Amino acid sequence: MIDVAAVVEQILQREPPATLRWAAQAFGMSAKPLVRCLAWLVGQHDIGKATVGFQAKWPAGQQADAHTGLSFPPRLRHADRHDLSTAVLLAPTLPHVLAAALAAHHGFHFAPKQILDGRLVAEPPAWPEARRQLLDAYRDTLMPPADAVSEAPALPETLSLSALNWLAGLTSVADWIGSNTDWFPPGERHDTLAGHHSCALQLAEQALDAIGWPQASSLLQEGSPSVSTADLLVRMTGSANMSPRPLQEAADVLLAECSEPALLIVEAPMGEGKTELAFLAHLRLQARLGHRGLYIGLPTQATGNAMFDRVLLFLRAFNHDQPLDLQLAHGAAALQDERLIELRGIHGGGNARADAVQCSVWFSQHRRALLSPYGVGTIDQALYATLNVKHHFVRLWGLANRVVVLDEVHAYDSYTGGLIEALLRWLKALGCSVILMSATLPASRRRALLSAWDVAEQNLPDLAYPRVLLASAGHVNGRHCPSRPMAPIHLSGITESLDAIAELAWQQLQHDGCIAVIVNTVDRAQQLYQQIKQRLRQPLDSDVPVLLFHARFPAEQRTRGERDVLRLFGKTAARPRRALLIATQVAEQSLDIDFDLLISDLAPVDLLLQRAGRLHRHERERPAAHAEPRLIVAGLLAQGLPDLKRTGWSAVYGAYLLGRTWAFASRESRWTLPQDIDRLVQTVYGDEALPASIDTTSRDTIEGEAWGEHLAEEQQMTQFAANAAIDAAAEWQHAYAGKPHGREAGEGLGADNRTRFGADSISLIPVHVDGAVWRLHPDAEPFDPTTKPDASLTRRLLGRQVKLSRKAVVKALQATEPPAGWADHPWLRDVRPLPLQDGCWRHGALCVRLDAELGIVYSSEQPSGAVAPAHPTPPQENPA
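Cut-off values and rules
Throughout this description, residue numbers start from 1 for each chain and increase along the sequence as written. With the structure being a predicted model, the display of local features is reserved for residues of pLDDT at least 70 and the display and counting of side-chain atom pairs for 80 or more, all residues being used for whole-chain, interface and lining totals. Heavy atoms throughout the structure, all of them, feed into the side-chain values; hydrogens and water do not. Each helix corresponds to a stretch of at least 4 residues labelled H or I by DSSP, and each strand to a stretch of at least 2 residues labelled E; elements are numbered beginning at the N terminus. Throughout, radius of gyration means the C-alpha value; the globule benchmark is 2.2 Å times the number of residues raised to the power 0.38. Accessible area is worked out with a 1.4 Å probe on protein chains only. A residue is then buried under 20% of its type maximum, exposed over 50%, and partly exposed in between. The criterion used for residue contact is that any of the two residues' heavy atoms lie within 4.5 Å. A pairing counts as a salt bridge when a side-chain nitrogen of Lys or Arg comes within 4 Å of a carboxyl oxygen of Asp or Glu. Helix span, as expected, comes to 1.5 Å for every residue beyond the first. Disulfides are defined as cysteine sulfur pairs within 2.5 Å. Between N-to-C directions, angles cover 0 to 180 degrees, with each direction set by a line fitted to C-alpha atoms, over the stretch in contact for helices. By the definition adopted for this analysis, an angle is roughly parallel if under 35 degrees, roughly antiparallel if over 145, roughly perpendicular if from 65 to 115, and oblique otherwise. For a crossing to be left-handed, the near helix must be turned anticlockwise from the far one by less than a right angle; the clockwise case is right-handed. For this classification, Asp, Glu, Lys and Arg are treated as charged, while Ala, Val, Leu, Ile, Met, Phe, Trp, Tyr, Cys and Pro are nonpolar and the rest, including Gly, are polar.

Draft legend 1. Spatial organisation of the overall build of the protein. Check the secondary structure of the protein and you find 33 helices and 24 strands. Against the compact-globule benchmark of 29 Å for 880 residues, the protein has a radius of gyration of 29 Å, which places it among compact chains. Taken along the three principal axes of its C-alpha coordinates, the protein extends 90 × 70 × 60 Å. For the protein, the proportion of its 880 residues judged to be buried stands at 59%. A fraction of 77% describes how many contacts in the protein between residues 6 or more apart in sequence connect residues 24 or more apart.

Written out as structure tokens, the structure is:
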């Protein structure tokens, strides 16, 4: 108890003053006794171990207890849940809400009825007397009567749910550290409890140093908030020629008026410097408000990986030689190679400034990444804080008093959008500032996001696009800002057939240039890639790079593909004379890549605009045939709405938004950005009547069946989000009612508490099986699946991991058990092997094959034994 209390004290001593001010207000205490009082509270989390049921777990300990006069009635031996016992035992002496927070340290809150039903009945009187003496000695050690700090603070009878979970998160984190016997060897370390406490404080400080837990500091030094926008941008980019864009200047003007945590919504075209604006906003808000760090949440792992490098450079420009921890937070972060490996364990030596940003191994473990003050990852890692998953409150504690940036907030359906709104309410309650960024935000989504920050619709300023809105202290201010002119995009359509797309792409390659084709499903991408490769056997340079990029590759292969995409098409790339990228949605957002020509499947207009943002993105010389940006959209022909079911597109995006996008965009031949962005998005997502020129059949499809399905799905997803998310404003007695315990996606058994609406998925490791012999590749060294793998093999296994959501695959393989060697492995117990025999896993007529070039391929075996592609992608399969 004393060790864990010491950890709490040392953690809070490293927090910025703003965190302690928030906590003092949340707990109704003055600043003077706050830290020691919170430490005293948290240390009591294990008092439930001083019970018959728990003490009986250790025979030698039971015998020692018995010698002091403690008896062990058999009827009480079953009550061995020490966390529940903690809630029961503390409830009479502490406000129930505090007892509940301390008892949740094993991952979930107990319901009031569970605490009531868990009462220890007919306990021999020696036990409560022993606990009373223990708690008295503990309190006198932490807050001695002669010490001025011991002025007994009035403990709050009620507590907000945000304060409850902040305390629960702090308790769990301190318990993890204080229970580590490497840092806190068991045994008495001094003759007195006070001496033991002094020693524990030293050990706690050493443990935090070993972890790499930093002392809070602002990236902008004292007096630096007055530094000009231009100077900050030059410093963060390293470019002496960098000058602020109007968007960045407008935001900085608004931020100068900010005196309380704020919500900043940035709506601006692609390539306008929104990421640099987010960095700038963090510098200003942290310096002015004392935020503890920054988390940037992005739509995909690929975009998170790309942003990690940019944040790393940003931190290195402002870290003042003090080590800072930077975490990559997403489901496959453990597989990230040199970027993380080279950073881990850097604590000194070499160039101090270059080594001042590290990636701590302790922080990188599951559920801990958000504890680090600085992090980049997927939005999902933050959204889990709103769901009743194990230790969701640890995530809330980590996010508290941070600047949280959510990029591409338009890119989510109503379910994830509802969770984002719930997250905003939590972040506001926890003293955070939030920056939301989008190029294409429908007005209805903007209103919903502001409402989650308690901004009334009637208070919103009417601003033209591009715009920046800042909500703080009950006020909303905004600015319109001009953006750089962009060359008009020539818009045209072709049929949706893969033959037509392949022929067009092949023809355009004859004229040189870097071309991208973005399609809506993995199946279409794979088939198109094969057709293009077949055409390239015809007279054309044999060394034309053709890249296939989607999410159905093994993790290590996908990471290599991501690197290759950035190497060929990134901002500083040495571009080849000719190249072609065939990709799914993984290439449409946040990756800073640039093409001379873009061909795309039909998609909702905001996503088409995102894809168009990859056209002529950077200043560079273009081939003559691609001097002007052109967007060619498969299915965007004015003659009639394409067959959205046959292509599989309606299963991905819904027929209604696709239909309205087709109806309006097919009547246009030229987009002028950024001016047209807002017009197009608000038109498609609003209620404007369809153009009169639309044929009757297409109109009836869009306004009839498609509209009904869209409305029903929106209502369903909104309700699902409301059912899943924990309400930050609820009282703790009711907050978790109807929110059953759930797992994070792909973790353990039980129902998923998911962050994305859609089919179940499963993480698989393809293995080539020949009898009892398993290999990762057909010609690789065999390994024994019944033996726990060492670190090297574990990394190789996880590097082959792939997530699939085909319904038949998930259902069949979820029912299997992991191999004996994986069952107890922390990284492998929740994945399953995909056993390939002769290169294929068969389930009925379905064949799942891992192709070296194509990734995971689905095909169906015909009765004759022939194999045919299984397409189009069925509704339950993740399209990307």
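Draft legend 2. How the structure looks around the pattern of salt bridges. Enumeration according to the criterion identifies 39 salt bridges in this entry. For Glu 9, the salt bridge goes to Arg 36, with nearest N and O atoms at 2.9 Å. Taken as a pair, Glu 9 in helix H1 (residues 2-13) and Arg 36 in helix H3 (residues 31-43) lie far apart in primary sequence, 27 residues in all. Residue class for Arg 36 comes out buried when judged on its relative accessible area of 16%. Close ionic contact of Arg 131 with Glu 123 constitutes a salt bridge, the shortest N to O distance being 2.7 Å. Comparing Arg 131 with Glu 123 shows no difference in burial state: the two are buried. By sharing partners, the salt bridges in this structure join Arg 575, Asp 594, Asp 596, Arg 620 and Arg 622 into a single network.

Draft legend 3. Up close: helix H19 (residues 392-399). Summarising burial for H19: 8 of the 8 residues are buried, a large majority. Where H19 is concerned, the buried positions are His 392, Phe 393, Val 394, Arg 395, Leu 396, Trp 397, Gly 398 and Leu 399. On the buried face of H19, the contacting elements are H1, helix H10 (161-178), strand S2 (293-298), helix H18 (379-383), strand S6 (402-406) and helix H20 (414-429). Positive phi appears at Asn 401, one or two residues downstream of H19, with a value of about 55°.

Draft legend 4. Up close: helix H14 (residues 274-289). Between its first and last C-alpha, H14 extends 21 Å over 16 residues, near the 22 Å set by a 1.5 Å rise per residue. One or two positions beyond H14, positive phi appears at Gly 290, with a value near 80°.

Draft legend 5. Expanded view of the state of the cysteines. Tallied over the full model, the rule gives 1 disulfide. For Cys 840, the disulfide goes to Cys 847, at an S-S distance of 1.8 Å. Assigned by exposure class, Cys 840 and Cys 847 land together as buried. No disulfide involves Cys 481; its nearest neighbouring cysteine sulfur is the one of Cys 258, lying 18 Å away. Residue classification places Cys 481 among the buried residues on the basis of a relative accessible area of 2%.

Draft legend 6. Representation of the packing of helix H28 (residues 655-665) against helix H29 (residues 675-685) in the model. In the contact formed by H28 and H29, the axes pass within 9 Å of each other and the chain directions differ by 130°. One finds that H28 runs oblique with respect to H29. You can see that H28 and H29 cross each other, and the crossing is right-handed. Two secondary-structure elements touch here, H28 through Leu 657, Arg 660, Thr 661 and Phe 664 and H29 through Thr 683, Val 684 and Tyr 685. Looking at the contact of H28 with H29 residue by residue, the classes come out as 4 nonpolar, 2 polar and 1 charged.

Everything listed here is a matter of geometry and, on its own, says nothing about what the molecule does.
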